[in-house]
Each structure stands twice: as C-alpha cells, then as structure tokens.
Amino acid sequence: MAKDYYKILGLDRNATDEEIKSAFRKLALKYHPDRNPGNKEAEEKFKEINEAYQVLSDPQKKAQYDQFGTTDFNGQGGFGGFDFSNFGGFGGFSDIFDDLGDIFGGMFGQRRERTGPKRGADLEYNLELTFEEAVFGVKKDIEIYRNEDCDVCHGTGAKPGTSPKTCDKCHGTGQVKVQKNTPFGSFVSVTTCDKCHGEGKVIDTPCTNCGGKGRVRKKKIISINIPAGVDNGNTIPLRGQGEPGIRGGMPGDLYINIRVKPHPKFERRGTDIFCEVPVSFIKAILGGEIKIPTLDGDVQHILSEGTQPGEIIKLKGKGVPKLRGAGRGDLYAKIKVEIPKNINSKQRELLKKLAEEFGEDIDKKKTFADKVKDMFS
Ligand SMILES: [Zn+2]
Ligand SMILES: [Zn+2]
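To keep things clear, this report deals only with the structure shown in the data block. Bear in mind that the values here come from a model prediction, so they are computed numbers and not experimental data. (Residues numbered from 1 in each chain as written. Chains lettered and ligands numbered in written order. Predicted model: local features only at pLDDT ≥ 70, side-chain atom pairs only at ≥ 80, totals over all residues. Heavy atoms only, no water.)

1. Topic: the coordination of the zinc ion (ligand 1)
- At the metal site, the zinc ion (ligand 1) is ligated by Cys-150 (SG), Cys-153 (SG), Cys-207 (SG) and Cys-210 (SG), and these contacts range over 2.3 Å.
- Classification of the site at the zinc ion (ligand 1) rests on its four donor atoms, whose angles at the metal span 103 to 116°, yielding the label tetrahedral.
- Coordination of the zinc ion (ligand 1) draws on donor residues from a single chain, spaced C-x2-C-x53-C-x2-C in sequence. Residue Cys-153 is located in the loop between β2 (138-149) and β3 (165-166), and its partner Cys-210 is located in the loop between β6 (201-202) and β7 (215-226); the two are separated by 57 residues in the primary sequence.
- Judged by its relative accessible area of 5%, Cys-153 is buried. (Donors = N, O, S within 2.8 Å, 3.2 Å for Na, K, Ca; no water. Tetrahedral: all angles 85-135°; square planar, octahedral: opposite > 155°, others 65-115°. Helix = DSSP H or I, 4+ residues; strand = E, 2+ residues; numbered from the N terminus. Buried < 20%, exposed > 50% of the residue type's maximum accessible area, 1.4 Å probe, protein only.)

2. A word on the environment of Gly-287
- Within the fold, Gly-287 resides in the loop between α7 (281-286) and β12 (288-292).
- For the pair Gly-287 and Leu-303, spaced 16 residues apart in the sequence, the C-alpha separation amounts to 4.8 Å.

3. Describing the pattern of salt bridges
- This model, assessed by the stated rule, comprises 21 salt bridges.
- Residues Asp-253 and Arg-239 are paired through a salt bridge, measuring 2.9 Å at the closest nitrogen-oxygen approach. Here Asp-253, found in the loop between β8 (235-238) and β9 (254-260), pairs with Arg-239, found in the loop between β8 and β9; they are 14 residues apart in sequence, far enough to count as distant.
- Between Lys-314 and Asp-330 there is a salt bridge; the shortest N-O distance is 3.6 Å. In this pair, Lys-314 sits in strand β14 (residues 312-315) while Asp-330 sits in the loop between β14 and β15 (331-338), placing the two residues 16 residues apart along the sequence.
- Asp-330 sits in the buried class, given a relative accessible area of 10%. (Salt bridge = Lys/Arg side-chain N within 4 Å of Asp/Glu carboxyl O.)

4. Focus on a negative patch on the surface
- Side chains of Asp-12, Asp-17, Glu-18 and Glu-19 sit close together on the surface and give a patch of like negative charge.
- Structurally, the position occupied by Asp-17 is in helix α2 (residues 17-31).
- For Asp-17, a relative accessible area of 57% corresponds to the exposed category. (Patch = residues over 30% accessible without salt bridge, like charges linked within 9 Å, V, L, I, M, F, W, Y side chains within 5 Å. Areas by Shrake-Rupley, 256 points an atom, 1.4 Å probe, with all protein chains shown as cover. Lys, Arg positive; Asp, Glu negative; His and termini not counted. Charge placed at Lys NZ, Arg CZ, Asp CG, Glu CD.)

5. A look at the nonpolar core
- Membership of the largest hydrophobic core comes to 20 residues, with the highest contact counts inside it found for Tyr-5, Leu-9, Leu-11, Ile-20, Ile-49 and Leu-56.
- Of all the secondary structure elements, the ones that give two or more residues to this core are α1 (5-8), α2 and α3 (40-56).
- For this core, the leading source of residues is α3, giving seven residues.
- What Ile-49 contacts, discounting residues up to four positions off in sequence, is Ile-8, Leu-9, Phe-24, Leu-27, Ala-28 and Tyr-31.
- Core analysis: the second largest hydrophobic core is formed by 18 residues, Phe-266, Ile-290, Leu-315 and Leu-331 among them. (Core = buried A, V, L, I, M, F, W, Y, C linked by side-chain atoms within 4.5 Å. Contact = heavy atoms within 4.5 Å.)

6. Notes on the sheet that holds β15
- Spatially, the four strands line up as an open sheet ordered β10-β11-β15-β14, and their pairing is mixed. With one partner strand each, in any of the chains shown, β10 (267-269) and β14 form the two edges of the open sheet. Neighbouring strand axes in the sheet, compared pairwise and without regard to direction, differ in orientation by 30° on average.
- Of the strand pairs in this sheet, strand β11 (residues 272-280) and β15 are connected by eight bridges, and their pairing is parallel. (Pairing = 2+ DSSP bridges. Axes fitted to C-alpha atoms, helices over the stretch in contact; angles between N-to-C directions.)

7. Re the pairing of β11
- The alternating pattern of β11 places Ile-273, Cys-275, Val-277 and Val-279 on a buried face and Asp-272, Phe-274, Glu-276, Pro-278 and Ser-280 on a face that is not buried.
- Judged from the three bridges that link them, β10 and β11 form a sheet pairing that is antiparallel. Across the sheet, residue Glu-267 finds its bridge partner in β11, namely Phe-274.
- Count of turn residues in the β10/β11 antiparallel hairpin: two residues, of which Gly-270 carries a positive phi of about 65°.

Below is the structure:
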C-alpha cells in the first residue's frame, strides 16, 4: 500500500515547504534514535519520517508523489529505495539538523560546541496570600534557594590557586567518538565525553566550598510586588530571577504560583465578591439601617420595608480591582433573615397579639412552648 507521506508528517496536502520542514523537524526530534534508545517503534517511525521528508522536500519527487500519490515507482520512476548506508542520501538533511544544536550533537560526524552558554533553570515558588492581599496587592519578600557561582572558586570548581585541566579523554573537545548502529547503518557518532561531562576540562583539586561543582545553593530574598486583583491559580513570571546561566548564558525565570486563602465572610468570583448579611426579621419587615461588610470596611445601607430573605444588594465598585484595566468589580450582599431561637414570655405575648392582628390561624392559648410544657407536666 502506498504510504501517505503527508499523514506521516501530520500535514494536509497543501502544506507549504516551510510547514513540511517544520513538521519534519518536530517529529525527527521526537523519534530520533538518540532520544529513544532501544525503542524499535521509534526507530521505525523515524525511518518513516525521513522517508516522507526525502520525498516531500524534493520538488521533483514531491511533484511526482502529489500527482500519483504513490511510491510504487520503485524501480521505474527513480524513487528507489532509501539507501541508508549511503550517507550521500542525507545531503539535504544536514542543514536542518544544524539548527537543532546539541540535541543531534554530532550525529553527522561534525564536532559540535557543547561548552557554549547555557540558560539557567527556571524556578517555581508557591506563594500563599490572604484574601485581602490578593484583592489589594501586597509587597512580599520571599526566600528562595538558587544554585549560584561559588564565591571561593568563582564558579570554576577548582581550588583557589589551581585551575581546571584539559580533559585527557576528549582532549578538551568535550566529545568522544563512538561507533553507532542505527537504521541507517553503522557510523561513527559523537557523544558527550563521560569523563568531563562535555566541559572539556577536569578538576584535579576541587574547591572545598562547592566540592568542585563551581556552584553552591544560596538563599536569596526576593521582593515582589503582587498586583491588586491576582487570583488563586495565577502565575507571576519574574524574568531572569531563576538560576543563573552557565558560561555566560541567560538566567532562567522564577514563576510565582499564587494560592489564595479562603475568607470567612467573603467569596470571590472573578472580580465580584459575594457575602451574606444577617438581618433580624423585625428589620426585614420594618426596614432600617444595616451595615454591609466590605473589604474597605462596613458600608451603611438603608433596608427598605418588607425586604425578603435572599434579596441581593449590589454595591457597585466594592469588588476586586481589575488586574487588567481600570475599575473594580462589585459586591453582592445576600440578605439572610434571622429568626430568634429563644424569646421571653413578654415577646411571646406580643407575637401572639401580632399573630391575631395578622389573622394568623394559631392556637391562641397553646403555643408550641405551652404544648411542650404540657408534655412534661
Ligand atoms: Zn567553589
Ligand atoms: Zn572530556
């Protein structure tokens, strides 16, 4: 059966040259034998990807393939099998692999620079904030640990007064040649020197402060201005605050993961805040002044006569400041009508009179309390 080279590269038929190249690079990286040692399936897949790319990257072969949609030209159309023992067949590949840097390190026999600058690692920090801190923003000093250059050896790893020596195994190149067997046949590949780990240098007399690593774990205090309006689950990136780069590389970033503690009174949904306001049943009926709690302090509010349980009062602009753009969300206060659990006899009498006034059909003589009394007498 003819193979669908576009499908193999995860593309559709009108993919551009650039898309073909980019898809190939992505897949080749994923299934490269160096990254999948001993994985037959990856090896097969890699072979297939290469085959597809060989055809689709060659204008003549591609035109032929596009027209006939098949590789059944073997032996007649000049597609031929892919002779992987012949390195010449790789011709067009090397320029692509060039950009892939040290992932493919020296697969084609070229020596690659492994001792260049390397970006520092990214770090993460989980920061817990109170509800108010998240709403209004806060300045926080956090403590992190970073691997930084050792002060004693200034990052060389060698004891002061000594210096690292050129690695005798790789003669300072950081790489050694190894015979490799791959689906393309057997060839010499270059890998990182295991003696110097690619550094090209070895340390005979290690620095005692860092044990020869050149780096030590240091505590750092970093001040962060948390902007008003951050929410649970937000991440604040601090560029360049991760671990320092190696050999002059860029430093990594520090990611602050925000966790917000719940509030006993308030609940937050985006930039709006929700809360409940307890109101006596008398005030709900008669209306009157109540206090609504907000994050900026209590707000006076005049409750209208006959306020119903569950009624919502909206306080505009009393919510959370918007992280992007101006203004604040709103606060929604839900009225919770409270019914007294215990009343004295005078109150009971008054309520009975009130019940009468309302024409409420209750046993005038025997309220619930009277009946309970009867039960135990
Ligand atoms: Zn040191
Ligand atoms: Zn070495």
